[in-house]
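# Notes for the structure review
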Amino acid sequence: MPTAISPRRGLISRPFFELCTDSMDPPDVTLTIVMDIHELFARLDRHCGSFPEDLLAEVTARREEVIPRFLEILEDIDRNPEPWLADDKRMIHVYALYLLALFRETRAYPLLVRIFSRPDEFPFDLAGDVVTQDLGRILASVSDGDVSGMRALIENEQANEYVRSVAMDGMVSLVTMEQRTRDEVMAYFLQLFRKMERKPGAQWDGLANVCADLWPQEAIAELGRAYDDGLVDPGSIDWEDIEHALALGQQRAMQSRNYRDPLITDVRKSMGWMQCFQDAEREYEWEGDSEEDLQLGSLSNGYTAVTVRRTTPKVGRNEPCPCGSGKKFKKCCGAH
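Let us look at the structure shown here. (Residues numbered from 1 in each chain as written. Predicted model: local features only at pLDDT ≥ 70, side-chain atom pairs only at ≥ 80, totals over all residues. Heavy atoms only, no water.)

## Structural notes on the overall build of the chain
The following threshold applies: Working definition: helices are DSSP H or I runs of at least four residues, strands are E runs of at least two. Numbering for both runs from the N terminus. Note on contacts: a residue pair is in contact if any heavy atoms of the two residues lie within 4.5 Å. Note on areas: Shrake-Rupley, 1.4 Å probe, and residue coverage restricted to the protein chains presented here.
When you go through the chain residue by residue, the secondary structure sums to 17 helices and 4 strands. Intrachain contacts of the chain at a sequence separation of at least 6 include 71% that bridge at least 24 residues. When the accessible surface of the chain is summed, it comes to about 16,200 Å², and 48% of that surface belongs to carbon and sulfur atoms.

## Here we look at the side chain of Asn160
Defined as follows: A 3.5 Å cut-off defines polar contacts: any pair of N or O atoms within that distance qualifies, except that in protein one atom must be a possible hydrogen donor and the other a possible acceptor, and neighbouring residues in sequence count only when both atoms are side-chain atoms.
Checked against the element boundaries, Asn160 lands in the loop between helix H9 (148–155) and helix H10 (161–176). Within the structure, Asn160 has its side chain in polar contact with the backbone oxygen of Asp120 (distance 2.7 Å). In contact with Asn160, not counting residues within four places along its chain, are Arg118, Pro119, Asp120, Glu121, Pro123 and Phe124.

## Details of helix H2 (residues 53–61)
Here is the rule: Exposed residues in this analysis have more than 50% of their type's maximum accessible area, buried residues have under 20%, and partly exposed residues fall in between, with area computed by a 1.4 Å probe over protein chains only. The directions considered for the arc are those from the helix axis to the C-beta atoms.
Within H2, burial applies to Leu55, Leu56, Glu58 and Val59. One side of H2 holds all its buried residues, which, seen down the axis, span an arc of 155°. In this structure, the buried side of H2 is in contact with helix H1 (37–46), helix H3 (63–79), helix H5 (92–102) and helix H16 (267–271).

Spelled out as structure tokens, the structure:
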């Protein structure tokens, strides 16, 4: 998972390269060697190091070739997820999420909805903190403005509560991109106050947050009842935040949300929060390229796993933020 893997720099050289002939050969002859697609995916799955710029540059250049293979990965997860859960060192499916979003591949949308509809901790076992960080933006990126899949996740009482919450974020992303209007999405959110089971959880925290994002005027009475009934965690968003959003007015309230791109537009930027890449950069700069923490093992389909020792404790998404703010980690330092 993105929070558990700490890749290292320097496993391979540039994957896309040209071998130019020496002076004995005709000057206009150039031999271009293209990496086999299986090799490309295998290297991306086991990449050790800083962010794999060269590998992703090649994947992007071969967009039409790789899209069907990324879709096959999602189909395999949907059909038989157990092998993917059994090996938490794999990353190819995480890249598939971001790249299919980057490519605006609508065929990924129903697959993602089915995969992330699974209950309990399955979404986090599969994709780690990608769920809370970016799943909403990924869903919006592959939806082409269609909210039906996100609505199905939101209204699924068996789905993971955080998945339901980020699906609401995805709908707000579509408003930001003017693929949906603010009024129609807010009208839907108002319905949720009556539709959702009145049981505290991240889905209620998410509903309060997205209403604040879109300016909560129409929802203020329903929000008041939700807070009175203890459905919304003040550590996620307190009543003062609701009042502040209301006082801003619609335009300013909606503008205040735009601290991140509403869709996936830059894979490196979108995945930059992952501790593995940050650790890799720091280790390379200060410690060099020691391999002593790496263990190579076999993966299914011929891939190779990389196991790296964690040096700092992981903070749970629902735990208090270690900065001392009093908020949950996912809503404080873990959101940056």
